[in-house]
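As a plain string of letters, each chain reads:
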Amino acid sequence: MRIVGNFMKKSKVYEYLNSRNIRFETTEHEPVFNMAKAASVPLPYPDAEAKNLFVRDGKKNYYLLVVKGNKRVNLKKFRRENGIGALSFASEQELTAVLGLTPGSVTPLGILNDTEHKVQCFIDKEFTEDAGLIGVHPNDNTATVWLKTRDLIDLIKENGNTVHTAEF
């Protein structure tokens, strides 16, 4: 299933995951716009919750950093370790144009809207350990989708985007 012209929103994400026979669980909740707000929402797997940062370098290369929710990201250290130029947060307009998302709804599932494959995804290595579970928004900040990290990585790769695991 490819959504062309219109970005894939929450209901289409669920349809897409089902069409790919990917097992997932959904937790509906009030809108959350940051990790502080997310901490007040009762979630079944809080240790698997992801924080997502959409950044770019000076050449308009885009990166989505998917990190354990309790971690702080040192962008300078990250870019040095990965051979990337200086990073800054992408604008709201870039977020909408590239991933079809709004602030507060950033998620690796937004990469399914990246038809030009502009975004490289870096997923925290810790998400691949133990149960390999990750919780991300379904392109809408009123829910969290819990799925296997391996399934998420496969979806992103099948979309034509590059995925790396990294230590944050």
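Cut-off values and rules
Position labels on residues start from 1 in each chain and follow its written sequence. The predicted nature of this model means local features are confined to residues of pLDDT at least 70 and side-chain atom pairs, given and counted, to a pLDDT of 80 or more, with totals for whole chains, interfaces and linings taken over all residues. Think of the side-chain values as coming from all heavy atoms in the structure, minus any hydrogens and water. For salt bridges, the criterion is a side-chain nitrogen of Lys or Arg within 4 Å of an Asp or Glu carboxyl oxygen. A run of DSSP states H or I qualifies as a helix once it reaches four residues; a run of E qualifies as a strand once it reaches two. Both are numbered from the N-terminal end. Between buried and exposed lies partly exposed: a residue is buried under 20% and exposed over 50% of the maximum accessible area for its type, with that area taken using a 1.4 Å probe on protein chains only. Aromatic pairing here means that ring centres of Phe, Tyr or Trp (its six-membered ring) are within 6.5 Å. Orientation follows from the plane angle: under 30 degrees is stacked, over 60 is edge-to-face, and everything else is tilted. Criterion used throughout: strands pair if DSSP finds at least two bridges between them. In this analysis, axes come from line fits to C-alpha atoms, helices being fitted only over the stretch in contact, and the angle between any two N-to-C directions falls in the range 0 to 180 degrees. Any two residues whose heavy atoms approach within 4.5 Å are treated as being in contact. Under this rule, positive means Lys or Arg and negative means Asp or Glu; His and the chain ends count for nothing.

Chemist: Mind showing me how you'd approach the pattern of salt bridges here?
Modeler: Any two side chains of opposite charge can pair, given that their charged atoms come close. All told, the structure shown has nine salt bridges when counted by the stated rule. Close ionic contact of E94 with R56 constitutes a salt bridge, the shortest N to O distance being 2.8 Å. Here R56 lies in strand β2 (residues 50-57) and E94 lies in helix α4 (residues 92-99), a separation of 38 residues in the sequence. Both residues of the pair, E94 and R56, count as buried. The salt bridge involving K118 is made with E116; its shortest N-O contact spans 3.6 Å.

Chemist: Looking at this structure, how should I read the packing of aromatic side chains?
Modeler: Here the distance between the centres and the angle between the planes together describe a pair of aromatic rings. A full pass over the atoms with the stated rule returns six aromatic pairs. Between the aromatic rings of Y63 and F122, the centroid separation amounts to 6.2 Å while the plane-to-plane angle is 50°, which identifies the pairing as tilted. With Y63 in strand β3 (residues 62-68) and F122 in strand β5 (residues 119-124), this pair connects stretches of sequence that are 59 residues apart. We classify Y63 as buried; its relative accessible area is 5%. Among the residues examined, F122 registers a relative accessible area of 3% and is labelled buried. Between the aromatic rings of F78 and F122, the centroid separation amounts to 4.9 Å while the plane-to-plane angle is 90°, which identifies the pairing as edge-to-face. Here the residue F78 occupies a position in helix α3 (residues 75-82), and F122 occupies one in strand β5, the gap between them amounting to 44 residues.

Chemist: Explain the sheet that holds strand β7 (residues 143-148) here, please?
Modeler: Strand pairs in the sheet, formed through backbone hydrogen bonds, run parallel or antiparallel to each other. With respect to topology, three strands assemble into an open sheet ordered β1-β7-β6, the strand pairing being antiparallel. Only two strands of the sheet have a single partner each, and these edge strands are β1 (24-28) and β6 (133-136). When the angles between neighbouring strand axes are averaged without regard to direction, this sheet yields 20°. Of the pairings in the sheet, the one linking β6 to β7 comprises four bridges and is antiparallel in character. Among the inter-strand pairings, V136 is bridged to a residue of β7, identified as V145. Against the sheet, helix α5 (residues 149-158) engages β6 and β7, with an angle of about 95° to β7.

Chemist: Would you mind going over the side chain of K68 with me for this structure?
Modeler: With respect to the helices and strands, K68 occurs in strand β3. At 4.7 Å, E126 is the nearest oppositely charged side chain to K68, a buried residue that forms no salt bridge. Leaving out residues up to four positions away in the same chain, K68 has contacts with D47, A48, E49, K51, D124, E126 and F127.

Scope: geometric values only; no functional claims are made or implied.
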